[in-house]
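Letter by letter, the chains look like this.
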Amino acid sequence: MTSAGGEVPNDRETIELRCLASMLRSDLATSAEVSGPSVDSDVEGFSVRPATDGALEVWLMHDADGIIVGLEGCPGWQMPRTPSSVDVVRVVVDAVVAGRVEVGKGWKVRSYRVALPDGTVLEDSAKGVLASLFEMPWKPRMRWVSARAYAN
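Residues numbered from 1 in each chain as written. Predicted model: local features only at pLDDT ≥ 70, side-chain atom pairs only at ≥ 80, totals over all residues. Heavy atoms only, no water.

Colleague: Any chance you could explain the environment of Leu-28 here in plain terms?
Modeller: Residue placement: Leu-28 occurs in the loop between α1 (12–27) and β1 (32–40). According to the relative accessible area criterion, Leu-28 is buried, its value standing at 4%. Spatially, the C-alpha atoms of Leu-28 and Val-48 are 9.1 Å apart, while their sequence positions differ by 20 residues. (Helix = DSSP H or I, 4+ residues; strand = E, 2+ residues; numbered from the N terminus. Buried < 20%, exposed > 50% of the residue type's maximum accessible area, 1.4 Å probe, protein only.)

Laid out in structure tokens, this is it:
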């Protein structure tokens, strides 16, 4: 995320994302650790790490130019800084907490799918070092399972 726009603006999106972090800290007090929001060189973000084995970590970063939400060690989904992007963040966080994320496991690759209410499916992947070094000309076969929900 490159911020040419300077510091994080004090706008509606920032306020709503900070409120989301605060709400998650309260609602998930016994089932997850919410770190942040923290500000580092014009970028603000937070992460939610579950206490439940098999549940996924979700993280968020935003700056003057955009918003990125991601799962685990994936690059995440980059979106413009708009109210509808904040809505997508909420849907992704809700899906992660409720265990409504598909997790695909393949040879040194892990993929994640999140379905949005409009039918759009967000997909992101994290590749291990060996998978990156030895790219295959075909897509590796994935075994898909559902992530675990956070315990309440």
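Colleague: Looking at this structure, I do not really get the packing of α1 against helix α2 (residues 83–98). What am I missing?
Modeller: Any two packed helices are characterised by how steeply their axes cross, that is the angle between the axes, and by the distance between the axes. Running from amino to carboxyl end, α1 crosses α2 at an angle of 15°, the nearest separation of the two axes being 9 Å. One way to sum up the angle between α1 and α2 is to call them roughly parallel. In this structure, the crossing between α1 and α2 has a hand that is right-handed. From α1, Arg-12, Glu-13, Glu-16, Leu-17, Leu-20 and Leu-24 reach across to α2, where they touch Pro-83, Val-86, Val-89, Arg-90 and Val-93. Across the contact of α1 with α2, the residue classes tally to 7 nonpolar, no polar and 4 charged. (Axes fitted to C-alpha atoms, helices over the stretch in contact; angles between N-to-C directions. Parallel < 35°, antiparallel > 145°, perpendicular 65-115°, else oblique. Left-handed = near helix turned anticlockwise from the far one by under 90°. Contact = heavy atoms within 4.5 Å. Nonpolar A, V, L, I, M, F, W, Y, C, P; charged D, E, K, R; others polar.)

Colleague: Looking at this structure, I do not really get the pattern of salt bridges. What am I missing?
Modeller: For side chains of opposite charge, pairing can occur when their charged atoms come near one another. Here the structure, examined in full by the defined rule, presents 8 salt bridges. One salt bridge in this structure joins Glu-44 and Arg-18, with 2.8 Å as the shortest N-O distance. Here Arg-18 lies in helix α1 and Glu-44 lies in strand β2 (residues 43–50), a separation of 26 residues in the sequence. With a closest N to O distance of 3.9 Å, Glu-102 and Arg-113 form a salt bridge. (Salt bridge = Lys/Arg side-chain N within 4 Å of Asp/Glu carboxyl O.)

Colleague: Looking at this model, I keep getting lost on the sheet that holds strand β7 (residues 109–115). Mind explaining?
Modeller: Backbone-to-backbone hydrogen bonds pair the strands of a sheet. The strands run either parallel or antiparallel. Across the sheet, 4 strands lie side by side as β8-β7-β6-β9; this open sheet has antiparallel pairing. Because the sheet does not close on itself, it has two edges, and the strands there are β8 (121–127) and β9 (143–146). Pairs of neighbouring strands in the sheet enclose a mean axial angle of 20°, with direction left out of account. Of the strand pairs in this sheet, β7 and β8 are connected by 7 bridges, and their pairing is antiparallel. Bridge pairing in β8 places Val-109 opposite Lys-127. (Pairing = 2+ DSSP bridges.)

Colleague: Would you explain the side chain of Arg-81 in this entry?
Modeller: Residue placement: Arg-81 occurs in the loop between β5 (77–80) and α2. Taking the relative accessible area as the measure of exposure, Arg-81 reaches 14% and is therefore buried. At 2.9 Å, the side chain of Arg-81 forms a polar contact with the side chain of Asp-11. Of note is the side chain of Arg-81, whose polar atom sits 3.1 Å from the side chain of His-62. Aside from chain neighbours lying at most four places away, what touches Arg-81 is Val-8, Pro-9, Asp-11, Glu-13, Thr-14, His-62, Asp-63, Ala-64, Asp-65, Gly-66 and Ile-67. (Polar contact = N/O pair within 3.5 Å; in protein donor to acceptor, adjacent residues only side chain to side chain.)

Colleague: Is there a simple way to explain the nonpolar core in this structure?
Modeller: Side chains of nonpolar character tend, in soluble globular proteins, to be buried together. Within the largest apolar cluster, 35 residues are counted, with the highest numbers of intra-cluster contacts made by Val-48, Val-58, Leu-71, Val-89, Val-92, Val-101 and Tyr-150. Elements with a contribution of two residues or more to this core: α1, β1, β2, β3 (58–62), β4 (66–71), β5, α2 and β7. Per-element accounting of this core gives the leading share, 8 residues, to α2. Contacts of Val-89, omitting those with residues within four sequence positions, involve Leu-17, Leu-20, Leu-60, Ile-67, Val-69 and Met-79. (Core = buried A, V, L, I, M, F, W, Y, C linked by side-chain atoms within 4.5 Å.)

Colleague: What should I look at first to understand unusual backbone geometry in this one?
Modeller: Outside of glycine, negative phi angles account for most residues, and trans bonds account for most peptide bonds. Despite not being glycine, Glu-72 shows a phi value in the positive range, around 50°. If you trace the backbone, Glu-72 turns up in the loop between β4 and β5. On the basis of relative accessibility, which here comes to 30%, the residue Glu-72 falls in the partly exposed class.

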